[in-house]
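Fold and geometry: a report
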Amino acid sequence: MASRPGILTDWPWKPLGSFKHVILAPCVIHNIYAFMVKDEKDLSSFLIFPILLWRVLHNQLWISLSRYRTAKGNNRIIDKGIEFDQVDRESNWDDQILFNGILFYVSSKIIPGASYLPMWRLDGVILTALIHTGPVEFLYYWLHRLLHHHYLYSRYHSHHHSSIVTEPITSVIHPFAEHISYSMLFAIPLITTIVTGTASLISFAGYVTYIDLMNNMGHCNFELIPRWLFIIFPPLKYLMYTPSYHSLHHTQFRTNYSLFMPIYDYIYGTMDTSSVTLYEDSLKRPEEAPDVVHLTHLTTPDSIYHLRLGLACLASTPQESKWYLWLMWPVTLWTMMLTWTYGCTFVVERNRFHKLRLQTWTLPKYNIQYNLRWQKVSINTLIEEAVLEAEEKGVKVLSLGLLNQGEELNRYGELYVQRHPRLKTKVVDGSSLAVAAVLNSIPKGTTQVLHRGNLSKVAYSVALNLCQRGIQVIVPCEDDYQKLKKSFGITSDQINLILSRSYSIKTWLVGDGLKEEDQKKAAEGTLFIPFSQFPPKKLRKDCFYHSIPAMAAPASLENVDSCENWLPRRVMSAWRVAGIVHALEGWDEHECGSTMVDIDKVWQASIQHGFKPLVIKTPLKF
């Protein structure tokens, strides 16, 4: 929002919220009816909405590419990250597409010559290019300078400049009134070709695509225009800007006003003197070498959309099933087939915490693949390659997330350490901090807990620590009871491990394998505390569900603009936090296999570095 919002700041359909797209329904229905029923074969009107869908896809491709490249670091222009406030502010980037769709539809009905356009006319394409190069670029330059006058800037344009570090969609984040002026400006070539009878579908779709292309490129925050282009054709520097050129406008504000052609900045003396230097430095910038890597993987088939490289609106909220993603099943199926046949680990996120450079790497494998025995070798190979790549890049710590640390898969990462005994990168499974997070989630005064779910390294340790603290652990399953008892050895702590089929206890420790019938047996007001990486299904509205082992990130953790799977904003899983703390403390040991860091030691270290335990509202008594 601008510092002092003026009139026509908000979009007219803002009250509709997520249902705003229905405003196009009458236009779509009328066009389909006219084309299919009334036999009005006006291809130009019928293709308006496919062109709008193409614009959405085009923008999304730029978003994904930009986030991927800026996460890797090569050719990145500005180091600063973005936060959730910018993601929320830019979440309405499709408003301008809706607005243009309405304008195209209305124009095709009321402007003579705007309907029944031919597919191609060369003279119309040339005329469009000439008018954009001349009047449009010139008028935009002076309109842009006018918008930087303090009166208009405070009421309108400051909203756009709230994003110092830009993303491709930053280019279209403006108040409604500003978009009206831009639409009038960009309509000049289109209306001219209509009036002169030279308009065509290619000139219309091509011009709109060109504007989207240049807008997205100019705000992508990584340099991609090769230097040899300007060497071969030196005048190109007056005719085409670069991402670094426009990035300076967002950091300096009073320079580089041009739309896509810097010639007017040269003419009127507003070109930033550091434009060439920043351009060359950005091109030379190598890929970033992280200090800490968190290695995770895809979960459900539609998790590809929840990645930071996917849909920003979904990535910035905890992962959950969305009904409308079923409409995208062809794309989902295609991505699944692609990852099943070919795929390699890729970077999805970068963060900075004090002096540490952090990255999240993702394996192109889904949960279902981890349950297939014949996929075990393939998954282990990918993880091992990631470990060796981290070693080559000088990574201090690599933490294993989700199913990448499975006992049956690689014995909590011990497999890779045994294969590479001279490994300098420390492999961390994070079990010690996960145990600490679970123990500190149990309400004070609790004397009994019920254990249910598949046993794991964390489960064994949690049960042992609770028994050592005098808290009774009730186990309904005899097989689990015998395994836990055997793991304790001959100690006095066994007295607090009890085999019982009573489900009346109000605090449950649950893991993978928790059955629906078990939840139904729980008493009203029961608190479920997960000890696994995956949360249980919330079947009971009269019970309470704690988060999986996790901690809230400190404010000093930079560039947090997406959620880690199903966790809330700025909350990180204990397994991920453990890797960061391991590097901060400089611990020179692996935490994998049966090895664990002292639980109290790692918990206190996490607190001292600013990570905070999660608190949920629960009854006072259990």
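Residues numbered from 1 in each chain as written. Predicted model: local features only at pLDDT ≥ 70, side-chain atom pairs only at ≥ 80, totals over all residues. Heavy atoms only, no water.

1. Focus: the environment of D95
You can see D95 is positioned in helix α5 (residues 95-110). Judged by relative accessible area, D95 falls into the buried class, the value being 4%. A C-alpha to C-alpha distance of 34 Å links D95 and T345, two positions 250 residues apart in sequence. The residues touching D95, leaving out its near neighbours within four places in the chain, are W11, W13 and K20. (Helix = DSSP H or I, 4+ residues; strand = E, 2+ residues; numbered from the N terminus. Buried < 20%, exposed > 50% of the residue type's maximum accessible area, 1.4 Å probe, protein only. Contact = heavy atoms within 4.5 Å.)

2. A closer look at the packing of helix α22 (residues 431-439) against helix α23 (residues 457-468)
How two helices pack is summed up by the angle between their axes together with the distance between the axes. At their nearest, the axes of α22 and α23 sit 9 Å apart, and the two run at 50° to each other. Overall, the two elements α22 and α23 adopt an arrangement that is oblique. The handedness of the crossing between α22 and α23 is right-handed. The residues of α23 that touch α22, namely those facing S431, A434, V435, V438 and L439, are K457, V458, S461, V462, N465 and L466. Broken down by class, the residue content of the contact of α22 with α23 amounts to seven nonpolar, three polar and one charged. (Axes fitted to C-alpha atoms, helices over the stretch in contact; angles between N-to-C directions. Parallel < 35°, antiparallel > 145°, perpendicular 65-115°, else oblique. Left-handed = near helix turned anticlockwise from the far one by under 90°. Nonpolar A, V, L, I, M, F, W, Y, C, P; charged D, E, K, R; others polar.)

3. Structural notes on helix α8 (residues 176-195)
The first and last C-alpha atoms of α8 sit 27 Å apart over 20 residues, in line with the 28 Å expected at 1.5 Å per residue. Of all the bends found along α8, the most pronounced is centred on I188 and spans about 40°, while P189, a proline, follows it within four residues. Restricting attention to buried positions, one finds in α8 the residues F176, A177, E178, H179, Y182, S183, L185, F186, P189, L190, T193 and I194. In the core, the buried residues of α8 are packed alongside α5, α6 (122-147) and α9 (201-218). Phi for G197, located one or two positions after α8, is positive at around 75°. (Expected span 1.5 Å × (residues − 1). Bend = angle between axes of the 7 residues up to and from the residue.)

4. A closer look at a nonpolar patch on the surface
There is a patch of nonpolar side chains on the surface, built from L43, M119, W120, L122, I126, L130 and I202 and spanning about 680 Å² of accessible area. Per-element accounting of the nonpolar patch gives the leading share, three residues, to α6. Of note, I126 is situated in helix α6. (Patch = residues over 30% accessible without salt bridge, like charges linked within 9 Å, V, L, I, M, F, W, Y side chains within 5 Å. Areas by Shrake-Rupley, 256 points an atom, 1.4 Å probe, with all protein chains shown as cover. Salt bridge = Lys/Arg side-chain N within 4 Å of Asp/Glu carboxyl O.)

5. Details of the pattern of salt bridges
Per the counting criterion, the structure on display carries 29 salt bridges. A salt bridge links E83 to R570, with the shortest nitrogen-to-oxygen separation between them at 3.4 Å. Of the two residues, E83 sits in the loop between α3 (48-72) and α4 (84-89) while R570 sits in the loop between β13 (557-558) and β14 (571-573), which places them 487 residues apart along the sequence. Taking relative accessible area as the criterion, E83 reaches 27% and is therefore assigned partly exposed.

6. Remarks on empty space enclosed by the protein
Space left empty within the atom packing is revealed by a probe, the size of a water molecule, rolled over the atoms. Under the counting rule described, the total for this entry stands at seven cavities of 30 Å³ or more. As a volume, the largest cavity reaches approximately 310 Å³. Of all elements in the fold, only β1 (292-297), α15 (303-306), β2 (346-353) and β3 (356-363) reach the threshold of two or more residues within the lining of the largest cavity. When residues in the lining of the largest cavity are grouped by element, the largest group, three residues, is from β1. Across the lining of the largest cavity, the residue classes tally to eight nonpolar, 14 polar and four charged. (1 Å grid on protein atoms, 1.4 Å probe; cavity = no way out; pocket = protein on both sides within 12 Å on 5 of 7 lines; lining within 4 Å. Points joined across faces, edges and corners; volume = space filled by probe spheres on them.)

7. Overview of the environment of V475
Mapped onto the secondary structure, V475 falls in strand β7 (residues 472-475). What makes V475 buried here is its relative accessible area of 0%. As a C-alpha pair, V475 and L450 span 25 residues in sequence and 6.1 Å in three-dimensional space. V475 has contacts with H451, D480, Y481, L484, L497, I498, L499 and S500, leaving out every residue within four places of it along the chain.

8. Focus: the UniProt feature "domain: Fatty acid hydroxylase" (unreviewed entry) in the protein
Here the UniProt-annotated "domain: Fatty acid hydroxylase" (unreviewed entry) positions come out as residues 136-270. A helix fraction of 60% and a strand fraction of 0% characterise residues 136-270, whose end C-alpha atoms lie 18 Å from each other. (UniProt positions renumbered as here; feature names shortened; annotations may be inferred.)

9. Some details on the nonpolar core
Counting 54 residues, the largest nonpolar core has L433, V462, L466, L497, L509, I580 and F611 as its most contacted members. For this core, the secondary structure elements donating two or more residues are β3, α22, α23, β7, α24 (478-488), β10 (527-530), α26 (574-585) and α27 (599-608). Look past the residues within four positions of F611 in its chain and what remains in contact with it is F353, M551, A552, A553, P554, M572, V577, I580, V581 and S606. Within the second largest apolar cluster, 29 residues are counted, among which are I131, M217, F222 and I225. (Core = buried A, V, L, I, M, F, W, Y, C linked by side-chain atoms within 4.5 Å.)

10. Quick look at the pairing of strand β6 (residues 448-452)
The two faces of a sheet get side chains in turn, since along a regular strand they alternate between them. Along β6, four of the five residues are buried, which leaves the element largely enclosed by surrounding structure. Summarising the sheet, β6 and β7 pair through three bridges and their orientation is parallel. Its bridge partner lying in β7, L450 is registered against I474. The parallel pair β6 and β7 is bridged by α23, and the resulting crossover is right-handed. (Pairing = 2+ DSSP bridges. Right-handed = clockwise from strand over helix to strand, strands pointing away.)

11. Looking at the packing of aromatic side chains
For the coordinates displayed, the defined rule picks out 22 aromatic pairs. Relative to F99, the ring of W11 has its centre 6.0 Å away and its plane inclined at 70°; by these criteria the two rings are edge-to-face. Pair noted here: W11 is in the segment before α1 (25-36) and F99 is in helix α5, with a separation of 88 residues, a long-range link. There is no split in this pair, since W11 and F99 are both buried. (Phe/Tyr/Trp six-rings, centres within 6.5 Å; stacked < 30°, edge-to-face > 60°.)

12. A closer look at the state of the cysteines
Enumeration according to the criterion identifies zero disulfides in this entry. This cysteine, C477, is not joined by any disulfide, and C467 carries the nearest cysteine sulfur, 16 Å off. (Disulfide = S-S within 2.5 Å.)

13. Topic: the sheet that holds β2
Spatial ordering of the open sheet is given by β5-β4-β1-β3-β2-β13, a layout of six strands whose pairing is mixed. Single-partner strands in this sheet number two, and they are β5 (426-428) and β13. When β1 meets β3, the two strands line up parallel, connected through six bridges. The partner of V292 across the bridge, within β3, is L358. Across the face of the sheet, helix α19 (residues 376-392) comes into contact with β1, β3, β4 (397-400) and β5 while running at roughly 160° to β3.

14. Some words on the sheet that holds β14
The strand order across the open sheet formed by three strands is β14-β12-β15, and the pairing between neighbours is antiparallel. In the strand order of this sheet, the two ends are held by β14 and β15 (612-613), each with one partner. Across the sheet, α26 lies against β12 (550-552) and β14, angled at about 90° from β14, the strand it touches most.

15. Considerations on the pairing of β10
Side chains L527 and I529 of β10 all project onto a buried face; the interleaved residues F528 and P530 project onto the opposite face, where all are buried too. Note: strand β9 (residues 507-510) against β10, four bridges, orientation parallel. From the neighbouring strand, L509 faces β10, where its bridge partner is I529. In this view, the connection linking β9 to its parallel neighbour β10 by way of helix α25 (residues 516-521) has right-handed handedness. Here two bridges tie β10 to strand β11 (residues 544-545), and the two strands are oriented parallel to one another.

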